[in-house]
Amino acid sequence: MRIDSVKMPDCWKQVLKEQFEQPYMAELRTFLVEQLKSGKTIFPPSAEYFSSFELSLFEGVKVVILGQDPYHGDGQAHGLSFSVPVGVPVPPSLLNIYKELKTDLAIEPASHGHLKRWAEQGVLLLNSVLTVERGKAGSHQKRGWEMFTDAVIAELSARRENVVFILWGSYAQKKGKVIDREKHLVLESPHPSPLSAHRGFFGTKPFSQANQYLLKHGKVPINWELPNYTRSH
C-alpha cells in the first residue's frame, strides 16, 4: 500500500510513514486488490478505509475507542469503529454503549449510530482491522492490518501524553499492552456486545472517567451528546 495513494492527513502520514514502507503493507494491498478483482465486496469502501484518521488528527487525539473489525453488513461500515451511517439501524453493541452513556452522563440515546461528532472532537474510533469481506466477520484478520494499527497505538503512546484509551473486551485489552500507563489513562471493561455486556460493561462509566481525566490535564472534555441528524452525513 503506497502512502501517496492513501487518503490520510499529512500529520498521520508523517507518523506512520515507516509502516507504509514495510513489506506487510505491500502484501496487504496485493491481497485487497486480488479480493476486489475476484468480485468480492469489501467493507468499508476504499475511500473510507482511513476515515477515522481523517476526522481525528494526530495531535488532536484525546480518546481512543478500539474496536475489532468493521461491520460486515451492507451499508454499515464507514471507517469508524462502532459507528454506522445515518439511516442504518443502530447495532446491538452500540445500543449498549448508548445505554451506558445514559446511565453515566444522563445523555439520551441518539436516534442513529453515526459517531462522527465524537471523532471530530478527538475521539479516534479505531478498528484493529480496517476491512472485511461482505457477510464474513473477521475475514481480513491476520493480513497485516493488526500490525498497522498496533503501530498507531504505539505511536500515540510514545509521542502523545494524557490520552484516554478505552479498551472493551479481551481482544482490545491485549492490543493495548503497548500503551504506557504512566502517561495515559487506560479504561478496560468487558465488551458492550450483548454476549458480554452483562459481565461488567454496564456501570463502568467510561465517558465521565475520560472527561474527568481530560479536565485534570487541562484538556477540553468530550461532548458525548450526538446531534439528531435528519439526513445522511
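Anything mentioned here points back to the structure above.
All values reported here derive from a predicted model rather than from experimental measurement. (Residues numbered from 1 in each chain as written. Predicted model: local features only at pLDDT ≥ 70, side-chain atom pairs only at ≥ 80, totals over all residues. Heavy atoms only, no water.)

Engineer: Can you walk me through the packing of aromatic side chains in this structure?
Structural biologist: To describe a pair of aromatic rings, one takes the distance between the centres and the angle between the planes. Tallying each qualifying case throughout the model produces 16 aromatic pairs. Ring geometry for W118 against F207: centres 6.1 Å apart, planes inclined by 55 degrees, an arrangement best described as tilted. Within this pair, whereas W118 is found in helix α5 (residues 116-120), its partner F207 is found in helix α8 (residues 206-216), the two being separated by 89 residues in sequence. (Phe/Tyr/Trp six-rings, centres within 6.5 Å; stacked < 30°, edge-to-face > 60°. Helix = DSSP H or I, 4+ residues; strand = E, 2+ residues; numbered from the N terminus.)

Engineer: Teacher, can you tell me more about helix α1 (residues 10-20) here?
Structural biologist: Structural remark: α-helix, 3.6 residues per turn; residues separated by three or four positions point the same way. Within α1 the residues assigned to the buried category are W12, K13, V15, L16, Q19 and F20. Next to the buried residues of α1 lie α2 (23-37), α3 (51-55), β3 (123-127) and α6 (145-159). (Buried < 20%, exposed > 50% of the residue type's maximum accessible area, 1.4 Å probe, protein only. Contact = heavy atoms within 4.5 Å.)

Engineer: I would appreciate a short explanation of the pairing of strand β2 (residues 63-67) in the present structure.
Structural biologist: Working note: regular strand, side chains alternate between the two faces of the sheet. Counted residue by residue, β2 has five buried out of five residues, so it is predominantly covered. Alternating residues of β2 divide into V63, I65 and G67 and V64 and L66, and every residue in both groups is buried. Here β2 runs beside β3; their pairing, made up of five bridges, is parallel. Bridge pairing links V64 to L124 in β3. Across four bridges, the pairing between β2 and strand β5 (residues 164-168) is parallel. Bridging across to β5, V63 finds its partner in V164. (Pairing = 2+ DSSP bridges.)

Engineer: So what exactly am I meant to see when it comes to the side chain of H112 here?
Structural biologist: Looking at the secondary structure, you find H112 in the loop between α4 (92-105) and α5. At a separation of 3.0 Å, a polar atom in the side chain of H112 contacts the main-chain amide nitrogen of H114. For H112, the contacting residues outside a window of four places in its chain are V86, V90, Y98, L226, P227, N228 and Y229. (Polar contact = N/O pair within 3.5 Å; in protein donor to acceptor, adjacent residues only side chain to side chain.)

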